[in-house]
Structure formats: C-alpha cells, structure tokens
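# Chains, contacts and geometry: an overview
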Amino acid sequence: MPSSTRQWILNSKPTAAPVLDGPNPTFKLTTTALPKPSATQALVKTLMLSNDPAQRTWISAGADPERMYYPPIPEGAPMGSGGLAEVIESGDAEKLPVGSIVVASTNWTEYSVQEIASCRVIQSIEGLDLGHFLGALGLTGLTAYYGIKEVAAATRDDTVVVSGAAGATGSMVVQIAKKIIGCKRVIGIAGSDDKCRWVEKLGADVCINYKKDTFEQDLIRETDGFVEVYFDNVGGDTLDLMLTRMKRHGRIAACGSISNYNKGESAGLKNAFEIISSRLHIHGFIVLDYLHKFAEVVAELVGAWKEGKIILDDSMQTVVDTKFEDVPKTWLKLFEGGNTGKLITRIVQ
Ligand SMILES: NC(=O)c1ccc[n+]([C@@H]2O[C@H](COP(=O)([O-])OP(=O)(O)OC[C@H]3O[C@@H](n4cnc5c(N)ncnc54)[C@H](OP(=O)(O)O)[C@@H]3O)[C@@H](O)[C@H]2O)c1
C-alpha cells in the first residue's frame with residue numbers, strides 16, 4: 001500500500017487566468033504522506049477527475065468566504081476536485097469492499113484517504129462508460145435536471161435558450177428540455193460550428209455560434225417573438241443580450257457565469273432595466289441543494305437512455321488521457337472551449 005501520494009496544491013490564488021509556469025504558478029506538484037485508513041475510512045486510487053468551471057471560483061484571489069457557496073481553498077491546500085476512484089484498502093470491507101468504484105472528493109491527488117460514508121459507490125451499467133458518473137449521470141446531469149425542470153420549470157409550451165449548450169451541463173439541458181420535457185423549441189448557444197451541429201444532433205432545434213460576428217443578429221432572428229426560458233451557463237454579454245430576448249414574466253435559471261471566472265470582477269449588466277420592464281424572474285441555484293434527489297434523477301436519466309430518448313454515448317464526454325503531472329493543463333481546457341460534453345481527466349502512467 002502506498003505510504004505517500006503526489007498531489008497538486010494551490011500555490012498562489014489567481015486574479016485572472018491561472019498560470020502553470022513561471023516564478024509564481026497557480027498550482028504546485030508536491031508529495032505528502034498518507035495516513036493509514038481508520039475503521040471508518042478507505043484508501044482510494046484516483047482513476048478519473050471531474051473538471052468543473054466552478055473550481056476556478058474556489059481559488060479566486062479576494063473571494064469573500066461569506067459570499068461563497070463553497071469554502072475557498074487556502075494556499076498550500078490540495079486543489080479541490082471530485083473524482084472517480086478505486087478502493088484499494090478498506091477500514092470496513094463489509095461496508096465498502098476493496099475493488100469498489102466510488103465517486104468522492106479525491107482532490108487532485110493520486111491516492112487519498114476518504115470517509116466511507118462520503119463515498120458514493122458506483123454500480124456500473126452495461127453500455128455506459130464509467131466517466132458518465134462524473135458527467136451526465138453525475139453532478140452536471142443533476143444540475144441540468146434541477147435547473148431546467150425545477151428552477152426554470154420549463155414546460156411543453158416553452159421555448160428555451162441554453163448557453164454553454166455543448167458543455168457538460170448544457171448538453172444535458174438540451175436533451176432533458178427537448179426529449180424528456182418536450183419543450184416546444186430549444187435553441188442552443190455554443191462556441192463553434194462543429195459544436196453547434198452536435199448540439200442539434202442531441203435534439204436542439206437550432207444552435208448558434210456565439211463566436212461569429214453575426215451572433216447577435218442570429219440570436220435575434222431565432223428568438224423572434226421572444227422566449228419563455230433561458231438557462232444561463234455563461235453570464236456576461238450573452239446574459240445581457242438574452243435579457244432583451246425574454247418574454248414578459250420570462251424565467252432565467254442562473255446556473256453559471258464561466259465568461260467571468262477568469263476576470264477580476266464581473267461586469268455590470270447593460271440591460272438590467274429589461275429585468276424590471278419585462279418582470280423577469282431570475283433564479284440562481286446551486287446543485288448542492290438538490291443532492292437528496294440524486295438517486296431518483298439518475299434512475300430517470302438511465303431510464304430515458306434505455307428508452308432511446310436521450311444520448312449517453314462517447315460524444316457526451318471528452319476524456320483526456322493525462323499524466324498526473326499534467327492534471328492542471330487538462331483542467332484549463334475548460335476555459336479554452338476544448339471539450340464537448342463533460343471534460344474528464346483519465347489518469348495514465
Ligand atoms: N449552479 C450549479 O450548481 C452549477 C453546477 C455545475 C456547473 N455550473 C456552472 O455551469 C456552467 C457549465 O459548467 P459545466 O461543468 O457544464 O462545464 P462546461 O460547460 O463543459 O464548461 C466548459 C465550456 O464552457 C465554454 N466556455 C469557456 N469559456 C467561456 C467564455 N469565456 N464564455 C462563454 N463560454 C465559455 C466552452 O464552450 P464553448 O466552446 O461553447 O465556448 C467550454 O467548452 C459553468 O458556468 C459552471 O460554473 C453550475
């Protein structure tokens with residue numbers, strides 16, 4: 001059994017985009033001793049890491065803990081992350097046998113000691129890659145379901161716009177809106193023509209490339225008559241523009257604002273008066289408030305997949321084989337548009 005592990009720690013909180021090289025890199029690779037697991041713990045080996053834009057918000061310089069939903073990571077502490085791991089030693093083999101595959105807060109470590117009670121055991125499903133338990137059947141799938149069904153309360157009569165539509169959450173929002181709820185029209189927004197065509201394959205009626213010069217006209221044309229629901233993954237200029245495309249009493253599920261995460265501060269909304277004049281409902285939410293529904297939602301999504309309603313194939317994840325020393329590099333792909341579906345780091349030697 002290993003008595004030490006390599007881990008990435010937060011070396012210096014970034015004020016803009018994280019930096020991997022130079023005199024003051026954001027992260028540092030270190031080695032630390034591993035305690036022996038107690039009777040309530042297990043030693044696990046990280047197989048895959050979940051890459052989440054929100055991790056950027058946990059390490060921001062100047063983040064006020066009182067305004068955060070998750071305690072900021074202090075400098076010198078391991079970089080926080082969820083992961084899929086294999087149990088290699090168990091303090092209670094009846095509760096958690098060696099060889100079990102679990103989802104846990106592995107952080108960016110090769111090995112870690114976890115409380116057994118905090119490990120979510122994964123039962124593999126034939127035909128589904130394990131990575132999906134970090135994405136479509138993990139927290140991002142749950143986020144999509146919570147946001148579109150409960151927060152935005154989308155119905156068959158609604159037209160829904162989804163930004164970040166080719167990402168982990170957005171690609172599930174598109175499918176749930178169109179294939180499970182049966183929304184009248186689903187309009188995706190994504191960062192390349194290839195991504196847009198893929199989002200249309202998932203069921204969007206149309207997907208618009210926000211990096212094209214014609215984006216604003218394209219969005220105005222596709223939202224002629226205005227829309228009832230906007231699922232916002234990106235914030236910034238796209239949110240501002242969408243405020244002008246909402247129907248009176250329209251609902252916005254404020255899920256994320258990745259366009260702001262590497263900026264020192266969020267820009268104010270130019271079109272904020274639209275919120276007032278159109279009586280918009282903007283509802284921020286955090287998936288952690290919905291964890292009690294996890295098993296139920298995963299069962300519904302797996303059922304929808306078995307019925308052929310939703311797609312959970314390799315296109316729904318971008319799995320990057322990554323040496324442990326390159327873990328931060330793979331994570332940064334999130335901010336470069338380097339993924340369709342869920343970005344997964346698979347640890348290789
Ligand atoms: N509220 C919650 O509980 C909760 C839970 C999970 C996630 N979230 C939020 O949901 C959003 C999506 O998260 P995810 O995990 O599904 O990741 P994701 O969408 O897979 O994130 C990566 C994608 O974001 C897009 N992106 C990157 N930089 C951008 C920018 N400056 N402007 C616009 N788009 C940009 C890129 O796609 P393009 O090529 O299309 O630009 C990239 O491929 C994030 O904002 C995240 O913080 C919230």
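Residues numbered from 1 in each chain as written. Predicted model: local features only at pLDDT ≥ 70, side-chain atom pairs only at ≥ 80, totals over all residues.

Now for the sheet that holds strand S13 (residues 281-284). In space, the six strands of this open sheet follow the order S10-S9-S8-S11-S12-S13, with parallel pairing throughout. Each edge of the open sheet is held by one strand with a lone partner, namely strand S10 (206-209) and S13. Averaged over all adjacent pairs, the angle separating strand axes in this sheet is 15°, with direction ignored. With respect to the sheet, helix H4 (residues 193-202) is in contact with strand S9 (185-190) and S10, its orientation differing from that of S10 by roughly 165°. The sheet strands contacting helix H5 (residues 215-222) are S9 and S10, and the helix crosses S10 at an angle near 160°. (Pairing = 2+ DSSP bridges. Helix = DSSP H or I, 4+ residues; strand = E, 2+ residues; numbered from the N terminus. Axes fitted to C-alpha atoms, helices over the stretch in contact; angles between N-to-C directions. Contact = placed C-beta atoms within 7 Å.)

Before going further, it helps to examine the domain arrangement of the protein chain. You can read the domains of the protein chain as domain 1 (4-136 + 312-348) and domain 2 (139-288). Each partner contributes residues to the interface: domain 1 has 19 residues there, and domain 2 has 20 residues. Counting residues per element, the ones that place at least two in the side of domain 1 that touches domain 2 are helix H1 (54-58) and strand S15 (342-348). (Domains from an automatic or database assignment.)

Another point: unusual backbone geometry. A positive phi angle is found at Asn-107, which is not glycine, with a value near 60°. Tracing the sequence through the fold places Asn-107 in the loop between strand S5 (101-104) and strand S6 (111-115). Phi angles above zero are rare outside glycine, and Arg-279 is one such case at about 50°. Taking the C-beta count within 10 Å as the criterion, Arg-279 has 12 such neighbours and is therefore assigned exposed. (Buried ≥ 20, exposed ≤ 12 C-beta atoms within 10 Å, placed from the backbone.)

Attention now moves to the UniProt feature "domain: Oxidoreductase N-terminal" (unreviewed entry) in the protein chain. Taken from the UniProt record, the annotation "domain: Oxidoreductase N-terminal" (unreviewed entry) applies to residues 6-118. Annotated as 4% helix and 35% strand, the span residues 6-118 places its first and last C-alpha atoms 22 Å apart. (UniProt positions renumbered as here; feature names shortened; annotations may be inferred.)

Attention shifts here to the packing of helix H2 (residues 139-151) against helix H3 (residues 168-181). Where H2 contacts H3, the two axes come as close as 8 Å, and the packing angle between them is 50°. The pairing of H2 with H3 is recorded here as oblique in orientation. For the pair H2 and H3, the crossing hand works out as right-handed. Between H2, through Thr-140, Gly-141, Thr-143, Ala-144, Tyr-145, Gly-147, Ile-148 and Lys-149, and H3, the contact on the second element is made entirely by Ala-168, Thr-169, Met-172, Val-173, Ile-176, Ala-177 and Ile-181. Split into classes, the residues belonging to the contact of H2 with H3 amount to nine nonpolar, five polar and one charged. (Parallel < 35°, antiparallel > 145°, perpendicular 65-115°, else oblique. Left-handed = near helix turned anticlockwise from the far one by under 90°. Nonpolar A, V, L, I, M, F, W, Y, C, P; charged D, E, K, R; others polar.)

The subject of this paragraph is the nonpolar core. In this structure, Ile-148, Val-160, Ala-177, Val-199 and Phe-231 are the most contacted members of the largest nonpolar core, which totals 88 residues. In terms of residues, this core owes the most to one element, H3, which gives eight residues. Both domains that furnish three or more residues to this core are identified here as domain 1 (4-136 + 312-348) and domain 2 (139-288). Dropping the residues within four chain positions of it, Phe-231 is found in contact with Gly-147, Ile-148, Ala-152, Val-160, Val-162, Val-173, Ala-253 and Cys-255. (Core = buried A, V, L, I, M, F, W, Y, C linked by C-beta atoms within 7 Å.)

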